[in-house]
Amino acid sequence: DTAVSQTPKYLVTQMGNDKSIKCEQNLGHDTMYWYKQDSKKFLKIMFSYNNKELIINETVPNRFSPKSPDKAHLNLHINSLELGDSAVYFCASSQDMVAARAQYFGPGTRLLVL
Amino acid sequence: DAKTTQPPSMDCAEGRAANLPCNHSTISGNEYVYWYRQIHSQGPQYIIHGLKNNETNEMASLIITEDRKSSTLILPHATLRDTAVYYCIVREDSSYKLIFGSGTRLLVRP
């Protein structure tokens with residue numbers, strides 16, 4: 001069973017569209033994250049949720065809105081997609097926010113904005 | 001910004017030990033050293049982490065120097081499937097996030 005899963009795996013869309021990426025973890029973790037990996041392969045955190053509450057928002061544009069319906073899910077909705085949003089988006093989870101807890105990543109969603 | 005320095009690339013022969021160095025000279029007492037790897041097109045994979053003591057698990061060993069200013073990740077018997085980018089990350093006790101640098105690209109040769 002996949003511990004952290006994301007859908008879709010690939011997403012190709014036009015500029016200006018709105019799209020969502022879903023993430024689910026079956027590890028029973030309290031904390032979930034979204035990371036973005038750009039074309040230069042740098043991974044940067046975008047958001048962190050703990051027990052469905054937003055903890056980190058790394059100055060991500062308002063067009064990005066995470067939603068956590070429950071502890072096992074953290075979805076990412078993107079409005080008015082721009083070319084620069086093309087990247088690989090990774091979801092991750094950890095038992096809690098303590099630094100000693102490892103984060104476990106999903107397989108990624110490859111977003112291409114045309 | 002990442003607080004670690006790693007060589008951009010390394011290689012080793014299959015079956016031999018791969019020793020990946022990492023410098024973190026500004027590390028403070030409550031910061032953990034984490035290692036992740038990313039195999040092409042996959043999500044980052046957790047390998048190991050430590051605070052002060054050396055650590056070993058089924059994947060690797062982590063050796064942290066006594067002054068904690070550097071560490072080495074050891075893959076005891078590298079296989080072709082260990083070819084990946086390896087990231088050394090220093091994580092603050094009070095920080096919830098991992099700050100990835102550019103990592104070391106390890107190539108395991110047949």
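Scroll up to find the structure.
Residues numbered from 1 in each chain as written. Chains lettered and ligands numbered in written order. Predicted model: local features only at pLDDT ≥ 70, side-chain atom pairs only at ≥ 80, totals over all residues. Heavy atoms only, no water.

A.B. asks: How should the pattern of salt bridges be read in this particular structure?
C.D. replies: Should their charged atoms come close, side chains of opposite charge can pair. Counted by the stated rule, this structure contains seven salt bridges over all chains. The residue Asp96 of chain A makes a salt bridge to Arg101 of chain A at a minimum N-O spacing of 3.2 Å. Between Arg109 of chain B and Asp11 of chain B there is a salt bridge, with its nearest N and O atoms 2.9 Å apart. Separated by 98 residues along the polypeptide, Arg109 of chain B in strand 9 (residues 104–109) and Asp11 of chain B in strand 1 (residues 9–13) bring together distant segments of the chain. (Salt bridge = Lys/Arg side-chain N within 4 Å of Asp/Glu carboxyl O. Helix = DSSP H or I, 4+ residues; strand = E, 2+ residues; numbered from the N terminus.)

A.B. asks: Please explain the pairing of strand 1 (residues 4–7) of chain A as it appears in this structure.
C.D. replies: Residues in a regular strand point their side chains to alternate faces of the sheet. Residues and elements named next belong to chain A. Side-chain alternation along strand 1 places Val4 and Gln6 on a buried face and Ser5 and Thr7 on a face that remains uncovered. Strand direction decides the pairing type here: strand 1 and strand 3 (residues 19–25), joined by four bridges, are antiparallel. Note on strand 3: the bridge partner recorded for Val4 is Gln25. (Buried < 20%, exposed > 50% of the residue type's maximum accessible area, 1.4 Å probe, protein only. Pairing = 2+ DSSP bridges.)

A.B. asks: I keep staring at the interface of chain A and chain B and nothing clicks. Help me out?
C.D. replies: By a widely used convention, the size of an interface equals the accessible area lost when the partners come together. Taken together, the 23 residues of chain A in the interface contact 21 residues of chain B. Of the roughly 1,700 Å² buried where chain A meets chain B, counting both sides, 56% is carbon and sulfur surface. Viewed at the interface, chain B and chain A are joined by seven residue pairs in polar contact (both at pLDDT 80 or more). The set of elements that each furnish at least two residues to the side of chain A that touches chain B consists of strand 4 (31–37), strand 5 (43–50), strand 6 (53–57) and strand 10 (104–105) of chain A. The element that contributes the greatest number of residues to the side of chain A that touches chain B is strand 4 of chain A, accounting for three residues. By residue class, the composition of the side of chain A that touches chain B is 16 nonpolar, three polar and four charged. (Contact = heavy atoms within 4.5 Å. Buried area = accessible area lost by both parts, 1.4 Å probe. Polar contact = N/O pair within 3.5 Å; in protein donor to acceptor, adjacent residues only side chain to side chain. Nonpolar A, V, L, I, M, F, W, Y, C, P; charged D, E, K, R; others polar.)

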